[in-house]
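Residue-level structure breakdown
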Amino acid sequence: MKLENVRGMRDIWGEEAENQRELEIRAGEYLSSLGYESVRLPSIEFYELIAAKAGPELLDSLYEFKDKGGRSVALTPELTASAARFFATKLRDRPKPVRIWYVGQCFRYDEPQRGRYRQFTQLGAELYGSASPLADAELAFAAAGILKRVGIAPSLKVGNVGFVKRFLTENGAKESALGQILRAADHGDYQPAMEAVQGDAKAFLKDLEGNPQDLEGWLRREQSPSRKKALKELAQIVELLKAMMPEAKVIPDLLFVRGLAYYTGFIFEAFSSGLDSALLGGGRYDNLLKELGGPATPAVGFAAGVDRIALLMKHPTQPVTGTIFPLDEHSLTKAARAFSALDGMGFELYPSITGAREAMSRALKASHRFVVLAGELDGEDAVTIRDLKKREQQRVQLTDLKQILQEADRDAPREGPNERARHGHPL
Ligand code: HAM
């Protein structure tokens, strides 16, 4: 048997795993503070639910199979359909708007590359029961707020898929060809759109392609009432976002479309330097609930790629700062008491009896700052602590241990492992 990962599946460990955990905690706390309720969704759904509005691209990448009971099921490629099922079956009678957030596993048989995996984690939020632009702005604000909480200042690309769809259909594109044209446009290829539209629209599209960010200019020029309405909606959301976060980069893109087939209006994605692909994406999908057989409910939401965001995060929150070593048979209980006294302060316990020299050498190799030596010589209730940064050593009563190490830590702020590795250890 070969011991290896299945292609596209990965073990996540070390700083990356810490970053993912920290992101999930901070994002969860933040979304709860905005009124979103947490839900855990399953990773297997009926194929029918997933396929209903997935679009061909997502369907091509679906892990689908028959379970042992012969049911056609699929691993969730995203969680908006699951969340909609959950809302329609469990929360439909609640006063609106209903807000939920989730974190869960997603599976897409994509071509693996940096930031693109076959199993990945999405952290998302959905708001049901409001068609207001204020709700669209709230979701984009919350999405940017999550990134801000982990030290990422994103730029937000915003658009209105209704504008693009109407532009195409009002200028000769067939409704049935829309999916294929939009998918190509999503990959930056406007040729199919160009071939589908007729007359003046070709020149119009060419102009638009050269200057898709000039929302105000296009709004002034736009003649079609339905397209003007879509652009006005987008302009209003941009204005709301500027009022909510004046410092943020919000970039309209009138030709922006997204792969999923359920969006009906506002759409957005967030980007940051260091990664070409989107950190998160979302938008308004006012027809999905009804199309799935649920109550007609306007909705808007987003999902963030936890794996992608974790790649850009800088530091884990609580690096290990020291190790507790039992030096002899009789000191195991003392080491255990020291471990308990320092609980939550970044101290790990070395589980075997070790000589003081080896303890020092291990601590230096691990770039830990403190060594706590629990040995018989210090007496029953005391340990020796060594500060490898200050090159100091002292005997400390177990009852004082926590306070003394807290004070020592305050004197010289703790560094993350990255800095320690970069600057080298002072000893
Ligand atoms: P999406 O744009 O397909 O939207 O995915 C959202 C995010 O998931 C992406 O921006 C990306 O960060 C991450 N992601 C997608 N595919 C992969 C992959 N293969 N590997 C790693 N990360 C990936 C949705 O899924 C919608 N359900 C979002 C939404 C929620 N719209 C409304 N509500």
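Residues numbered from 1 in each chain as written. Predicted model: local features only at pLDDT ≥ 70, side-chain atom pairs only at ≥ 80, totals over all residues. Heavy atoms only, no water.

Considerations on the overall build of the protein
Helix and strand counts for the protein come out as 17 helices and 16 strands. Considering only C-alpha atoms, the protein reaches an extent of 90 × 55 × 45 Å along its principal axes. Sorting the 427 residues of the protein into buried and exposed places 49% on the buried side. Within the protein, counting contacts between residues at least 6 apart in sequence, those at least 24 apart form 68% of the total. Of the roughly 21400 Å² that the protein leaves accessible, carbon and sulfur atoms contribute 50%. Distance between charge centroids for the protein: 2 Å, based on 58 positive and 59 negative side chains. (Helix = DSSP H or I, 4+ residues; strand = E, 2+ residues; numbered from the N terminus. Buried < 20%, exposed > 50% of the residue type's maximum accessible area, 1.4 Å probe, protein only. Contact = heavy atoms within 4.5 Å. Areas by Shrake-Rupley, 256 points an atom, 1.4 Å probe, with all protein chains shown as cover. Lys, Arg positive; Asp, Glu negative; His and termini not counted. Charge placed at Lys NZ, Arg CZ, Asp CG, Glu CD.)

Side note on the environment of Phe 167
Take Phe 167: it is sitting in helix α6 (residues 161-169). You can call Phe 167 buried: its relative accessible area is 2%. In this structure, the C-alpha to C-alpha distance between Phe 167 and Ile 152, residues 15 residues apart in sequence, is 35 Å. If sequence neighbours within four positions are ignored, Phe 167 has contacts with Val 197, Ala 201, Phe 204, Leu 205 and Arg 227.

Thoughts on the packing of aromatic side chains
Here the structure, examined in full by the defined rule, presents 11 aromatic pairs. An angle of 80° between the planes, with centres 6.4 Å apart, marks the rings of Tyr 63 and Phe 107 as edge-to-face. Placement of Tyr 63 in the loop between α3 (56-60) and β3 (64-66) and of Phe 107 in strand β5 (residues 98-107) is noted, with a sequence separation of 44 residues between them. Classification of Tyr 63 by relative accessible area gives partly exposed; the value is 21%. Through a chain of ring-to-ring contacts, the aromatic side chains of Tyr 63, Phe 107 and Tyr 109 assemble into a single cluster. Its end group placed over the ring of Tyr 36, Arg 99 keeps NZ or CZ at 5.8 Å from the ring centre. (Phe/Tyr/Trp six-rings, centres within 6.5 Å; stacked < 30°, edge-to-face > 60°. Lys NZ or Arg CZ within 6 Å of the ring centre and 35° of its normal.)

Looking at the confidence of the model for the protein
With 95% of its residues at a pLDDT of 70 or more, the protein shows a mean pLDDT of 91. A low-confidence stretch, residues 414-427 stays under pLDDT 50, and its non-local contacts, those more than four residues away or across chains, total 30 contacts. (pLDDT = per-residue confidence, 0-100.)

Some words on the sheet that holds β3
Taken in spatial order, the three strands make up an open sheet running β2-β4-β3, and their pairing is antiparallel. In this open sheet, the two strands that pair with only one neighbour each are β2 (44-46) and β3. Across the sheet, the axes of successive neighbouring strands diverge by a mean angle of 40°, strand direction being ignored. (Pairing = 2+ DSSP bridges. Axes fitted to C-alpha atoms, helices over the stretch in contact; angles between N-to-C directions.)

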